[in-house]
Amino acid sequence: MDDNQQNLVLKSIAVSAGFHQTGASNERETAYKLLENFKVYDGKIPICINWLHQDRHVSDGTDITVPVKQYSLTMMDEFIQKSYTKLNESERLAMRHAVITAARQIAPMPLVHENRILANKLASMLAAFVVREFPQRWTSFFQDMFISMHQGGLWYNEGGDGVHTLGVKMLLECMRVVTEDTTDSDFNVKISTSRRNDVLIGLNEISKQFLPLMFGILEHYSYLAQRKAALHNMRSYLLANGRTLSQMSAEEKSMYQKEMDHLKFASTLINDCLKTLSRFCNSMPLDWTFGTSPDFLKAFLYLLREPSVQVEAIACIEKLALRKLDIEQWTLLIRQLPSAIKEANAAIGQDAEEVQLEKQIGGNFDTTDTLTLQLPYHRAISRMLSYVVSTNISQITTDKKIITGKGEKFAEISDFLRLLVDLIHHPSGRICCEQINAWIILLRDPQISKIGLLTPFAEELMTCYMDYLIKIRWEDIDEKRHAQCSLIEASFDDEDEYGAWLGDFRSRCTHFFKLLGNVEPKIATSVLNTRLQVLLARHGNGSPHDHLYSTNKQLTQKSDAIIYFESILLPLDTALSGLPAWSLQTDNSNRANSSEIRASVQEALLQLATSLVSWNPTYLWLKFRRTQLLEALKHYWLYNPSTLLQGVDALLGYLSAHDDWSADGEPLSGEIVSLRKKSGVSLVAIAKKVPNHLVPWISQLSEAVRQHLSSSTLLPSNRMHLYEFLSCVAAAINEPLARANFISDVLADAISVLESAEFKHVTSAPETFLSWLGVTESGSNPASVTDPKNVQKVTNTFQHVFSALNTILSVGKRCHEASVKRSGGIPYLSSQPSNENPMLNFRDEGPVSLQDLTFNDPFVHLWPRILPAVIQITDITLQLWYPVHQAQYLQNHLQRYLYAISDDEAFLSKVHDAHSGGVFGEGGTAGSVVSGTDRRDLNLVPRWSGWLNELRNTCFQMLGLLSGQRAIYAPELGKLYPQIVNSVSNPDHIRAMENRHLTQYLKQFIEILLLSCPVTLYETHLSPLIRPLFEHLEYRLKKNWEPVVNPNLETLARPLTSSDCAAAAYVAAAGGEQWFDPYYGRAGIFVGDLEPVTAEAVIDKSRVELSRTFTDMIQAVLALKGNWALVLATQAKEEAAAKKNDTSSLKKGPGYQLRNGGNVNADGTQKRTNQADVDARKLLRISRMCHFLLLEDEVIAGHLTLSLIQCLSYPDAYTVRRCTKICHRLLETVAWSSKYTHIITNGMFSSSVSNIVREPKWMVGIEWDMINVIRDIYCRLVLGQALQPGGQGPGVQLGKDSNNPLQFEQAKFADDPLKGGGVLAFSSDLPRQLLASLPGIEAATVEQLEQGMKSKRSAKDQKDLLRDLLRVAAENSHFLDQSTCESALFGRAAFQESLLNQKMLAGGVVPDLPEKLVTYSMTKKEERMDKLNKEEPPGLSQFFLK
């Protein structure tokens, strides 16, 4: 490229940088194209090197030096990242020398904005050379960089202040980037480990040379102080002479501005140095900055007094506090920080006086108050101090002098904590929030709580944190009515940020108050009682009666009284829940002062509870707050129920509270509905917590509940709450017969509805059922769907029936929960079953009579009366989706919406933020399915879909409850079981279900059925139900995903909208595959008038949910998740503890759970008294379920296996990841069976290999799971290697049979999949053949793979070998993606994303250097070792050896 061409490039740089003002767009376009062409020019680097060497670049009289050098550096940076390793030594030196030369040219320049940008780029380039060449190839790094500018370096000249020069700035930035790149995990992945270590060793070697230079920069504080003193003198002179800044002469202004610039540059330089030192403090050896000479810690502490640099100084100390400090280092921080902060606060006060002085002489001072200006400092200091404590908690607990609670160290810790407590009085909540994690950690530690370290601060802490829970009205901030407006505005950008912060703060406070109540019950209850008494006195009557509703003068949620009462809810509930039992009831503990503490706690809580139950506010929102507070008392009522009945009576009264917003005859207002619903929820919560204390008053409670139930104004939700309330109380009755009779009385009205002639008529046929819903009439009389009287009539009749069903379901669930708590799920047996299987150890693993089940569950005996109605309504509801019915009703412009999704389902199909307002909000979908109307309107059409969803899901849940209670297996219901099978497992019903129906069917019924069935009944009770289901699921899943997997069939997934209904009805009338193919392709969904984007989202969600639900269900029944998996995890934990002879681990849960009582399960939950019996039954079912599903019934096993194999190829990572786990369990169960060899190889193995070789984008992140399946198959079917469960652990090579050298000996646990299963006795060639058929793979390659997997049997080594082989196949199979290369879902993953290429990328962008690193320290160390080895061992000279 000649000079003219280079000049054109330079001109283009000037145009692109805006130095040549031109309005011609074609000139800018030409310049852009020319620069793009230069990027690909082969000789660009020598040209860029030449440009960097030149002092100045001019184009058309304009200095363009900075943009030219920036462009040159950008070109070189891109080249270094890609091609640096290809350069020879002279080329590398030329590039490095060019960058150093450019850095030296600008080193003396001032710190203006344009120069700083270029300096940062040069620093980045210097860092790039350091990480690639230092120290082996750039041994003179320190001499080149850290000598003065006079000597050819970048450091400031001896005697100079250095604050004006860019050289120091570049070096500091270079060192910061190098440290970050070689130590930060986000960056060092680009650099090989060996190279990083070499750089760090080199830096450590020269640290004693450059650290004093950096310390010298911190000593520039004296220079900064001089500038401040000079400015103070100038201002004082002006004030003494009655002059202002504006009245200065030109010479005075120049001097004044010069001092201001010096002050700014000095603080900037110190800040830059502190930023680099912060990286050192974070990652480099502690002896660089801590306890050495020069003493950086002392400098950091001293710099706290300077406002312009104090935040960065705090950051350095914070990084040190986060390191693993020894006791001396930590003690040094604890001792020196309080005094340093005290001195800093005094200095800050002097700076405030300086601001006032500037104000008096008319300076451009900041009008912001001092407290607001200091907010960053206070936040930083609060966070740093909390880290000093929280990250070094072991220093407290392991020091015997501190643990004794006496002595000098204990006093020092107390003084340090006092400093923290003083900070939380700051008016901004940001300050206290920085500390809360530290206090939680301190409260959590049992040793610290014992020594009383926190007792002096507990009351103050609790009071302060309760104060910050008081919500700030943001309108007070906007209108400047708040006392700390400027501080709050500085703390939070807007109301949304404040709301997010408050939510996070409250979440953290939940743990804080609970732990504080546990550690300091006396103080916690005293503070709570005092706060409540103050609130009742000041605001109990609604004072100051602000922010009222204009219509009825009621308080609003913005009223002070409501806000203040809201602030005590969280601390009251969480602190009471954390109170230790000994503080509320007498125990045998030997705790000091336990009697005194108990008396104080009981007195405070009795006064608190009495005040709450006696308080009778008149304002609705105060009643709402009272309801919340009464619910929190459930933790206290568990120990002292003296005020319980009064509280329950108050909540019952609120269920019929008067509505001051709506006139008689009008719908209830939202406010009164909220109060009533909350009261009902609180009643249920209290009944769940203290049912035993309510049993003595059960007759009075029943009478009160009956009065409410007879009220016509009672909300349907409150009706459910009352039934749940009574069922919780009934479950606490000790006498089984009395329990059962009480539940019968509670449900008498609901069951009578199901047994009524009207209900039987309604559910006798689809036609009568639709007539009952108003669907039939809408066909002949469209106006009926909006007729108010008809809408009200149909709605009331539906709610009457649905309420009965929902009530029965709710009570049944409560009874079942109580039964499980009572017995652990093991039924009581009054006699020996006549059909007991002698092979079983458990008499209850078979049919159990309803009479015996009723002993623990008072609901069960009602099933003979309930079940016929459930079967009938389930059957009728499912029939409606038959093609023949859809063909009829889809044609009608109103009746078709019977099959539509609801507005709520449309809303849930997409992700929404917290501010969307829900389905009826601004971003909601209300009125989008049935255009222009929603379920809140007086219109039946949008209600039908929701009603049918509720009925169907309720029926499925009742069937699940029937299974969970084991009533479905009872002899008394034996005659009804065929009806259940004919209803829910009718092939026509299953085929007609939409995906969303089938998903709920699997979740709510089938999964529970599989988990609850006794092992003796698998064949009789499971097979009839799951055989047709699994057969259909294989077909359904295939058709669901066909339009996605095969682009040629994507039209089948097109949403069915209202405009397509006529054509769909015609296809439905034809039936068969013509109907079902598109029906399953769109997941059976009819979206009505929904807009296309949301309609597609609904279908995608429904399709994915079915696959995920199916794999989740199979995981649960194969003990890969859920309760059964917990049993295996607990068993493994106990076996590990037995091997280590360590019983203490049996009392510990996961790492995040710090306190547990007795023995716990693997998830940390407490074990039941009969846990061993419960787990033994589950283990029996787990082992039998694997055998039953995969080996006993060919129909079930075949379709289940094929479904799982299909799921491996569906583009949903959630489904595939879970499916891989199931595949391992399948292999553990059946790999030894030759019947499965063909399907495993040509199905599971083939799909897994294809997924890895094709590398579709949806597979990114789950490749290792898939490779592990390939390994599991290959080890078991080809190599004769057994693995641990889940394909884990090394392959255990099985020997050959002595009688048949072609046959492997079978694994010891071949018949036990839970212990790893077996292998195929005769090695199969099918997996070999499949691998050999891959592009680029030959038989020799496969043989080499097998040899490697036999010699290296660890899981990592074998998976790496498979990955290497599959990478070869992937590189030779790019032609396979030609048809889908444009697909965002199926296109091949990028090189950087691909797992197959990770090994190639593992070396990083920056590789190792061939030169061996030898440093001066290494040499001296070797000399010392050689000297020691040559010396005669001491003592041997005393012996005479022959």
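Residues numbered from 1 in each chain as written. Predicted model: local features only at pLDDT ≥ 70, side-chain atom pairs only at ≥ 80, totals over all residues. Heavy atoms only, no water.

As for the overall build of the chain
Within the chain, the secondary structure is distributed over 65 helices and eight strands. Against the 2.2 N^0.38 benchmark of 35 Å for 1442 residues, the chain shows a C-alpha radius of gyration of 39 Å, consistent with a compact globule. With respect to the three principal axes, the spread of C-alpha positions in the chain is 105 × 100 × 90 Å. Counting every position in the chain, which comprises 1442 residues, the buried fraction comes to 54%. (Helix = DSSP H or I, 4+ residues; strand = E, 2+ residues; numbered from the N terminus. Rg over C-alpha atoms; globule rule 2.2 N^0.38 Å. Buried < 20%, exposed > 50% of the residue type's maximum accessible area, 1.4 Å probe, protein only.)

Section: the pattern of salt bridges
Enumeration according to the criterion identifies 68 salt bridges in this entry. The salt bridge partner of R1177 is D844, with a shortest N-O separation of 2.8 Å. Highlighted residues: R1177 in helix α56 (residues 1171-1192) and D844 in the loop between α42 (788-823) and α43 (850-854), separated in sequence by 333 residues. Each member of the pair R1177 and D844 is classed as buried. (Salt bridge = Lys/Arg side-chain N within 4 Å of Asp/Glu carboxyl O.)

Brief notes about the side chain of D476
With respect to the secondary-structure elements, D476 resides in helix α23 (residues 474-478). For D476, a relative accessible area of 10% puts it in the buried group. At 2.6 Å, the side chain of D476 and the side chain of R481 are in polar contact. Sequence-distant contacts of D476, defined by excluding residues within four places in its chain, comprise R481, H482 and C485. (Polar contact = N/O pair within 3.5 Å; in protein donor to acceptor, adjacent residues only side chain to side chain. Contact = heavy atoms within 4.5 Å.)

Things to note about the nonpolar core
Of all hydrophobic cores here, the largest spans 427 residues; its most connected members are Y465, F505, F769, F859, W863 and L1189. Ignoring anything within four residues of it in the chain, the contact list for F505 reads C432, C433, I436, Y465, Y468 and L469. (Core = buried A, V, L, I, M, F, W, Y, C linked by side-chain atoms within 4.5 Å.)

Notes on unusual backbone geometry
Residues F134 and P135 are joined by a peptide bond in cis, for which omega reads 0°. Within the fold, P135 resides in the loop between α6 (113-133) and α7 (141-145). S543 connects to P544 through a cis peptide bond whose omega is 5°. Positive phi values are uncommon outside glycine, yet H545 reaches one of about 55°. For H545, the position within the fold is in the loop between α26 (521-539) and α27 (560-567). Phi is positive for H547, which is not a glycine, with a value near 50°.

A closer look at a positive patch on the surface
On the surface, K514, K688, K689, K821 and R1168 cluster together into a positively charged patch. Its location among the elements puts K821 in helix α42. Look at K821 and you get exposed, because its relative accessible area is 65%. (Patch = residues over 30% accessible without salt bridge, like charges linked within 9 Å, V, L, I, M, F, W, Y side chains within 5 Å. Areas by Shrake-Rupley, 256 points an atom, 1.4 Å probe, with all protein chains shown as cover. Lys, Arg positive; Asp, Glu negative; His and termini not counted. Charge placed at Lys NZ, Arg CZ, Asp CG, Glu CD.)

Regarding the side chain of R1276
Its location among the elements puts R1276 in helix α60 (residues 1263-1279). Here R1276 falls in the buried class, since its relative accessible area comes to 0%. At a separation of 2.8 Å, a polar atom in the side chain of R1276 contacts the main-chain carbonyl oxygen of G1316. Not counting residues up to four positions away in its chain, the partners in contact with R1276 are L1227, E1228, A1231, Q1281, L1283, Q1284, G1316, G1317, G1318, V1319 and L1320.

Remarks on the state of the cysteines
Disulfides are covalent bonds that link the sulfur atoms of two cysteine residues. Inspection of the entire model under this criterion finds zero disulfides. We note that C316 lacks a disulfide partner, and the nearest cysteine sulfur, in C281, lies 4.7 Å from it. The structure places no disulfide on C1275, whose sulfur is separated from the nearest cysteine sulfur, that of C1223, by 15 Å. (Disulfide = S-S within 2.5 Å.)

A word on the environment of E1423
Its location among the elements puts E1423 in helix α65 (residues 1416-1430). Spatially, the C-alpha atom of E1423 lies 52 Å from that of L453, the residues being 970 residues apart in sequence.

Examining the pairing of strand β8 (residues 1300-1304)
Of the strand pairs in this sheet, strand β7 (residues 1296-1297) and β8 are connected by two bridges, and their pairing is antiparallel. Bridge assignment links D1297 to a residue of β8, and that residue is N1300. Hairpin geometry of β7 and β8 is characterised by an intervening segment of two residues between the two adjacent antiparallel strands. (Pairing = 2+ DSSP bridges.)

Quick look at helix α48 (residues 977-984)
Residues Y977, I980, V981, S983 and V984 constitute the buried set of α48. Projected down its long axis, α48 carries its buried residues within an arc of 165°, all on one side. On its buried face, α48 sits against α44 (863-879), α47 (941-964), α49 (987-992), α50 (995-1012) and α51 (1018-1045). (Arc of directions from axis to C-beta.)

A closer look at the environment of I568
Within the fold, I568 resides in the loop between α27 and α28 (569-578). On a C-alpha basis, the gap between I568 and R1054 in space is 53 Å, while along the polypeptide they are 486 residues apart. Discounting residues that sit within four places of it in the chain, I568 has contacts with M466, L528, R531, L532, L535 and L629.

Brief notes about the pairing of strand β5 (residues 1281-1284)
The pairing of β5 with strand β6 (residues 1288-1293) spans three bridges and is classified as antiparallel. Each bridged residue has a counterpart across the sheet, and for Q1284 the counterpart in β6 is Q1288. The turn joining β5 and β6, which pair antiparallel and follow one another in sequence, is formed by three residues; a positive phi near 80° is taken by G1286.

Focus on the packing of aromatic side chains
Applying the stated criterion to the full structure yields 45 aromatic pairs. Within the aromatic cluster, the residues linked to one another by ring pairs are F134, W138, F141, F142, F146, W155, Y156, F210, F280 and W288. Of note, R1103 hangs over the ring of W1041, and the distance from its end group to the ring centre comes to 5.9 Å. (Phe/Tyr/Trp six-rings, centres within 6.5 Å; stacked < 30°, edge-to-face > 60°. Lys NZ or Arg CZ within 6 Å of the ring centre and 35° of its normal.)

What about the packing of helix α22 (residues 455-468) against helix α25 (residues 495-519)?
In contact at an axis separation of 11 Å, α22 and α25 are set at 155° when each is read in the N-to-C sense. With respect to α25, the element α22 is oriented roughly antiparallel. With respect to the hand of their crossing, α22 and α25 are arranged in left-handed fashion. For the pair formed by α22 and α25, the contact residues are A458, L461, M462, Y465, M466 and Y468 on the first element and L502, F505, C509, F512, F513 and L516 on the second. Per-class residue counts for the contact of α22 with α25 are 12 nonpolar, no polar and no charged. (Axes fitted to C-alpha atoms, helices over the stretch in contact; angles between N-to-C directions. Parallel < 35°, antiparallel > 145°, perpendicular 65-115°, else oblique. Left-handed = near helix turned anticlockwise from the far one by under 90°. Nonpolar A, V, L, I, M, F, W, Y, C, P; charged D, E, K, R; others polar.)

Points about α60
Here α60 contains 17 residues, and its C-alpha end-to-end distance of 22 Å stays within 8% of the 24 Å for a straight helix at 1.5 Å per residue. Counting buried residues in α60 gives 15 out of 17 residues, a clear majority hidden from the surface. Trailing α60 by a residue or two, G1280 shows a phi angle of about 70°, which is positive. (Expected span 1.5 Å × (residues − 1).)

Some thoughts on a negative patch on the surface
Residues D478, D493, D494, E495 and D496 make up a contiguous surface patch of negative charge. Tracing the sequence through the fold places D493 in the loop between α24 (485-491) and α25.

Observations concerning the packing of helix α32 (residues 644-654) against helix α33 (residues 670-689)
Running from N to C, α32 and α33 point in directions that differ by 150°, and their axes come no closer than 8 Å. When the axis of α32 is compared with that of α33, the two are roughly antiparallel. The two elements α32 and α33 meet at a crossing, and its hand is left-handed. Contacts between α32 and α33 involve L644, V648, L651, L652 and Y654 on the former and, on the latter, L675, R676, S679, S682, L683 and I686. For the contact of α32 with α33, the residue count by class is eight nonpolar, two polar and one charged.

Details of the environment of H482
Inspection of the secondary structure assignment puts H482 in the loop between α23 and α24. As a C-alpha pair, H482 and I1252 span 770 residues in sequence and 62 Å in three-dimensional space. A polar side-chain atom of H482 sits 3.0 Å from the main-chain amide nitrogen of Q484.

Overview of the confidence of the model for the chain
Model confidence for the chain is summarised by a mean pLDDT of 88, while 93% of its residues fall at 70 or above. Taken as a whole, residues 1376-1382 scores under 50 in pLDDT and shows six contacts with residues more than four places along the chain or in a different chain. (pLDDT = per-residue confidence, 0-100.)

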